[in-house]
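# A look at the structure
Take a look at the letters that make up each chain.
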Amino acid sequence: MRCLLGYLKKLDEIFAGTCLLVTVLCTSINVFTRYILNYSIPWSQEISLTAFCWSIMIGMSSAYRHNMHYGIDLFVTMLPRKYSRILRVITYVVMFVGCCALTWFSIIITKEGWFKLTSYFMMPYAYKYMSAVVGFALMAIYSIKYIIFAYKDPEKFFVAVEQGGSGLATDFAALEAEAEAVAKAFAEAEAEAARMED
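Note that the coordinates shown come from a computational prediction; the quantities given were computed from them, not determined experimentally.

Below, the discussion takes up the overall build of the chain. Of regular secondary structure, the chain possesses eight helices and zero strands. Starting at the N terminus and walking to the C terminus, you meet the elements of the chain as α-α-α-α-α-α-α-α. Considering only contacts in the chain between residues 6 or more positions apart, those separated by 24 or more positions represent 62%. Total accessible area computed for the chain in this model is approximately 13000 Å², and 71% of it derives from carbon and sulfur atoms.

Right, let's get into the environment of Tyr 142. With respect to the helices, strands and loops of the structure, Tyr 142 is situated in helix α6 (residues 126-152). Placed 80 residues apart in sequence, Tyr 142 and Ser 62 show a C-alpha to C-alpha distance of 9.4 Å. If we ignore the near neighbours within four places in the chain, the residues touching Tyr 142 are Asp 12, Ser 61, Tyr 64 and Arg 65.

Here the focus is the confidence of the model for the chain. Counting all residues, the mean pLDDT for the chain is 82, and 80% of those residues have values of 70 or more. For the chain, helix α1 (residues 2-9) is the element with the lowest average pLDDT, namely 53, and helix α3 (residues 44-65) is the one with the highest, namely 93.

Residues Tyr 64, Phe 136, Met 139 and Phe 157 are the most contacted members of the largest nonpolar core, which totals 15 residues. Within the residue set of this core, elements represented by two or more residues are α3, α5 (81-113), α6 and α7 (154-162). Per-element accounting of this core gives the leading share, eight residues, to α6. Grouped together as the second largest cluster of nonpolar side chains are five residues, Ala 16, Cys 19, Ala 51 and Ile 58 included.

With that out of the way, let us pick up the side chain of Thr 33. Summarising the element assignment, Thr 33 is placed in helix α2 (residues 11-35). Once residues lying within four places of it in the same chain are set aside, the contact partners of Thr 33 are Asn 38, Tyr 39 and Ile 41.

Below, the discussion takes up a nonpolar patch on the surface. A contiguous nonpolar patch, built from Val 31, Phe 32, Tyr 35, Ile 36, Leu 37 and Tyr 39 and spanning about 690 Å² of accessible area, is present on the exposed surface. Mapped onto the fold, Leu 37 is located in the loop between α2 and α3. Taking relative accessible area as the criterion, Leu 37 reaches 53% and is therefore assigned exposed.

It is worth spelling out unusual backbone geometry at this point. Located in the positive-phi region is Asn 38, a residue other than glycine, with phi close to 55°. Its place among the elements puts Asn 38 in the loop between α2 and α3. With a relative accessible area of 68%, Asn 38 lands in the exposed category.

Further remarks concern the packing of aromatic side chains. Scanning the entire structure with this criterion turns up six aromatic pairs. Between Trp 114 and Tyr 127 the ring centres are 5.2 Å apart and the planes differ by 75°, which places this aromatic pair in the edge-to-face class. Of the two residues, Trp 114 is situated in the loop between α5 and α6 and Tyr 127 in helix α6; the sequence distance between them amounts to 13 residues. Taken together, Tyr 64, Tyr 92 and Tyr 146 form an aromatic cluster joined through their ring pairs. Over the aromatic face of Tyr 125 sits the side chain of Lys 116, whose NZ or CZ is 4.6 Å from the ring centroid.

Looking now at α5. Here α5 spans 47 Å end to end across 33 residues, near enough to the 48 Å set by a 1.5 Å rise per residue. Every buried residue of α5 is accounted for by Ser 84, Arg 85, Arg 88, Tyr 92, Cys 99, Thr 103, Ser 106, Thr 110 and Gly 113.

Moving on: the side chain of Thr 110. Within the element layout of this structure, Thr 110 appears in helix α5. Not counting residues up to four positions away in its chain, the partners in contact with Thr 110 are Ala 126, Tyr 129, Met 130 and Val 133.

On to the state of the cysteines. By the definition in use, this model includes zero disulfides. Between Cys 99, a free cysteine, and Cys 100, which holds the nearest cysteine sulfur, the sulfur-to-sulfur gap is 7.3 Å.

Here Ile 56 is to be found in helix α3. The sequence separation of Ile 56 and Ala 16 amounts to 40 residues, and the corresponding C-alpha distance is 7.3 Å.

Definitions and cut-offs
Residues numbered from 1 in each chain as written. Predicted model: local features only at pLDDT ≥ 70, side-chain atom pairs only at ≥ 80, totals over all residues. Heavy atoms only, no water. Helix = DSSP H or I, 4+ residues; strand = E, 2+ residues; numbered from the N terminus. Contact = heavy atoms within 4.5 Å. Areas by Shrake-Rupley, 256 points an atom, 1.4 Å probe, with all protein chains shown as cover. pLDDT = per-residue confidence, 0-100. Core = buried A, V, L, I, M, F, W, Y, C linked by side-chain atoms within 4.5 Å. Buried < 20%, exposed > 50% of the residue type's maximum accessible area, 1.4 Å probe, protein only. Patch = residues over 30% accessible without salt bridge, like charges linked within 9 Å, V, L, I, M, F, W, Y side chains within 5 Å. Salt bridge = Lys/Arg side-chain N within 4 Å of Asp/Glu carboxyl O. Phe/Tyr/Trp six-rings, centres within 6.5 Å; stacked < 30°, edge-to-face > 60°. Lys NZ or Arg CZ within 6 Å of the ring centre and 35° of its normal. Expected span 1.5 Å × (residues − 1). Disulfide = S-S within 2.5 Å.

And the structure:
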């Protein structure tokens, strides 16, 4: 049961990885047949592009869930600790609003995609555009999760964020455990530095 729950927590990563694998396989096979066998697979491009869209959008939300997106935090680190944390919370609020807006626009584009069909499978483009709806909706949900974490226990939350935020992908209990481990390591380092000064 625990193993099953572990897979469910990583379902988005498994799905994004599978889509990326399909993209690479379809593209590689088509390149081989085109340049070696002088034959192009007509459906390869449609499958690879659809899979690529899903791998990008779901992978994007998964990276956000793990707090792995790059950011320029020079200005944030220059601020006093109190104000830098306030700015981080504001960033999550802005991300939530932005992701909600992008989800809405993606829904509009997806609705229009039902009337546009692919050339080989005659499949609506909406199936490709749905990836943006799911990706941005997940990011909005994760933004809410970060805001709640920051409200419940800001000290431990921001310690985890400053250390890379790997605990953000799990439940709050796991986040607490990681933050306590980091705090303990800092305390031991300070105690060691104090002993060396003596």
